[in-house]
Amino acid sequence: MKLKMIVVSVTLALGNSVWAVEQALDEVVVTAPQSSAPLTVQTDPRKPRQPVPAHDGADYLKTIPGFSVIRKGGTDGDPVLRGMAGSRLNILLDGEQIFGGCGGRMDPPTAYVFPGSYDRITVLKGPQTVLYGAGNSAGTVLFERSMDRDAQVGTHGQASLLLGSFGRNDEVLSATTGSEDYYARADATRSHANDYQDGSGVAVHSSYTRWSGNMALGWTPDSDTRTEVTLAKSDGQAAYADRSVDGSKFARDNFGVKLEKRNLGGTLEAIEAQAYYNYVDHVMDVYTLRSGDPSSMMAAMNPDRKTTGGRAVGTLQLSDDSQLKLGLDAQNNVHTNRSGAAPGYMGDYTLKARSKDAEFKNVGVFGEWNQEVSDTRRVIAGLRADSWQATDFRTMIMRGMSMVMNPTANQTRKETHSSGFVRYEQDSSATHTWYVGAGRTSRAPDYWELFNKESLTTASAFNTRSEKTSQLDVGMNYRAGDLSGSVSAFYSRISDYNLIQSNVMKGMTAVTVTRNVDATTYGAEAGRPMRCWTTGRWTAVWPMCTAATTPTARHWGRCRHWKHVSA
Ligand SMILES: [Cu+2]
């Protein structure tokens, strides 16, 4: 099946209150990527990662070696790192966790990510950090914005327009204005595509539209202090060719507040703290994008999820060669459901009360230590403990077309999870860095594993055991001038892996169950090292983002080798 796509993309940088084409169209890409091999266009680091700018988080990640994507309609995809998906991959949006509402996983966290409004995507492979939440057995993905006090003075803007076949059009507008002490930033994105046609010219039910708006207000009384308040709102809709409903609403409301203080001078070198609120309201129905019966009692389903949380991290500079990050994070999320007929019909779902089915709580403490053994060798190690709690509020469970009693109704599980890692890194020459790391993590099951599946023996999977992963990571990164590359390999033993298996026969009924199995995974990747977008240039960063190679790669404390970066 041949699918031809023609795309034109234009990006303008508008700067210094002139609002003119100032930086001489530093990115103009015209491509016709018929080979659809994204890796082949990544040889030149000055170019975007892929010919068509991604409109969702997963689309962007799939160009990184080790990633693939389970497409979830036009609005998003479920990223898979080294064969592991779901909550094995911690995805943080500016340090915030977000969980989707859809039982069918129409809305993994990437449904609420609009890459055009972020400055930087960092991937940390494997259980090789403890700083960003529990259970990251496959890895951690950070979508981040950066603010630079020197760059915030004046008014700057960026506009991007993309036009493609099948009615594809993406618009991104980004503007900042500020003085030395204050700044405001606004980003708006919109993406749309019509149904595409397959090789025989048959339209596939796949159109989508999604948009987002972000605003940030900041106060920077000195170059080492930043206080920021952020607001975000987004929504979208997507037609699904693979199931009997479409997603007609993917709404997110977000509020966040953040404080960062650096170069404190004493042993306590830096502190950062943040708190956030994320509300996701999702609707899937049979009448908005297809001609189903709006009066049916199952015409629309409307789950939602409210996630609140926060974290605080202190960086201790124990000596010139030794740094310790100590922190605390907490997160609470509540999931509810309701369903019914379309608005205006008998049984209108919007008039019904929501029923809470699940609540999760997690509090974690962590410490990550970075020790320089010599100029070319370092050891990084971390430990983390989490207090996790989940409650099952369902009294009845839908099973096929009938309701059954929930055998785990009103049960609460409380567990303590521990994880840790140690990694050794060595620069064997000016161009090569080797590393070897061992990590262990314990991951509590998530909503999709506990709540809308059955166990092998009962109608509830709420007592599925937690998953324990022990992993060995080795690799090498190479960089000489503009040429760079990396190889990495891993070997992992997982006990009580949460396997989701569909079409398990229980009597005459086919059900989907979660069950515990033991698993072994291993693999290797070869590719470029991660790159960070900084001050208008792609700048290479060593594996796991442990050291920036140029003074322009300002990471606001994300890089462990901050003293090198700020020099
Ligand atoms: Cu859904």
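Note that the structure is predicted; figures quoted are calculated from it, not measured.

This part takes up the nonpolar core. Counting residues in each nonpolar core, the largest one holds 33 residues, and the members touching the most others are Leu 61, Phe 67, Met 106, Val 141 and Phe 143. Where this core is concerned, the elements lending two or more residues are helix H1 (57-61), strand S5 (89-93), strand S7 (120-125), strand S8 (139-144), strand S15 (268-285) and strand S27 (483-506). Here this core takes 3 residues from S5, the largest share from any one element. The residues touching Val 141, leaving out its near neighbours within four places in the chain, are Leu 61, Phe 67, Leu 89, Asn 90, Ile 91, Leu 92, Ile 121, Thr 122 and Val 123.

Moving on to the coordination of the copper ion. The protein atoms donating to the copper ion are Cys 102 (SG), Met 106 (SD), His 282 (NE2) and Met 284 (SD), with metal-donor distances spanning 2.1 to 2.5 Å. Considering all 4 donor atoms around the copper ion, angles at the metal cover 95 to 119° and the coordination shape is tetrahedral. Along the chain, the residues donating to the copper ion are arranged with the sequence spacing C-x3-M-x175-H-x1-M. Here Cys 102 is found in the loop between strand S6 (96-97) and S7, whereas its partner Met 284 is found in strand S15, with 182 residues between them in sequence. Comparing Cys 102 with Met 284 shows no difference in burial state: the two are buried.

To continue, consider the sheet that holds S8. Strand order in the open sheet formed by 4 strands is S6-S5-S8-S7, and the pairing between neighbours is mixed. Looking at the sheet topology across the chains shown, the edges are occupied by S6 and S7. Sheet topology places S7 next to S8; 6 bridges connect them, and they run antiparallel. When the sheet's bridge partners are listed, Leu 124 is paired in S8 with Thr 140.

This next bit is on a nonpolar patch on the surface. On the surface, a nonpolar cluster with roughly 560 Å² of combined accessible area is contributed by Met 215, Leu 217, Val 229, Leu 231, Phe 255, Val 257 and Tyr 277. Taken together, the elements giving at least two residues each to the nonpolar patch come down to strand S12 (208-219), strand S13 (225-238) and strand S14 (246-261). One can find Met 215 in strand S12.

Each value, and the rule that gives it
- Residues numbered from 1 in each chain as written.
- Predicted model: local features only at pLDDT ≥ 70, side-chain atom pairs only at ≥ 80, totals over all residues.
- Heavy atoms only, no water.
- Core = buried A, V, L, I, M, F, W, Y, C linked by side-chain atoms within 4.5 Å.
- Buried < 20%, exposed > 50% of the residue type's maximum accessible area, 1.4 Å probe, protein only.
- Helix = DSSP H or I, 4+ residues; strand = E, 2+ residues; numbered from the N terminus.
- Contact = heavy atoms within 4.5 Å.
- Donors = N, O, S within 2.8 Å, 3.2 Å for Na, K, Ca; no water.
- Tetrahedral: all angles 85-135°; square planar, octahedral: opposite > 155°, others 65-115°.
- Pairing = 2+ DSSP bridges.
- Patch = residues over 30% accessible without salt bridge, like charges linked within 9 Å, V, L, I, M, F, W, Y side chains within 5 Å.
- Areas by Shrake-Rupley, 256 points an atom, 1.4 Å probe, with all protein chains shown as cover.
- Salt bridge = Lys/Arg side-chain N within 4 Å of Asp/Glu carboxyl O.

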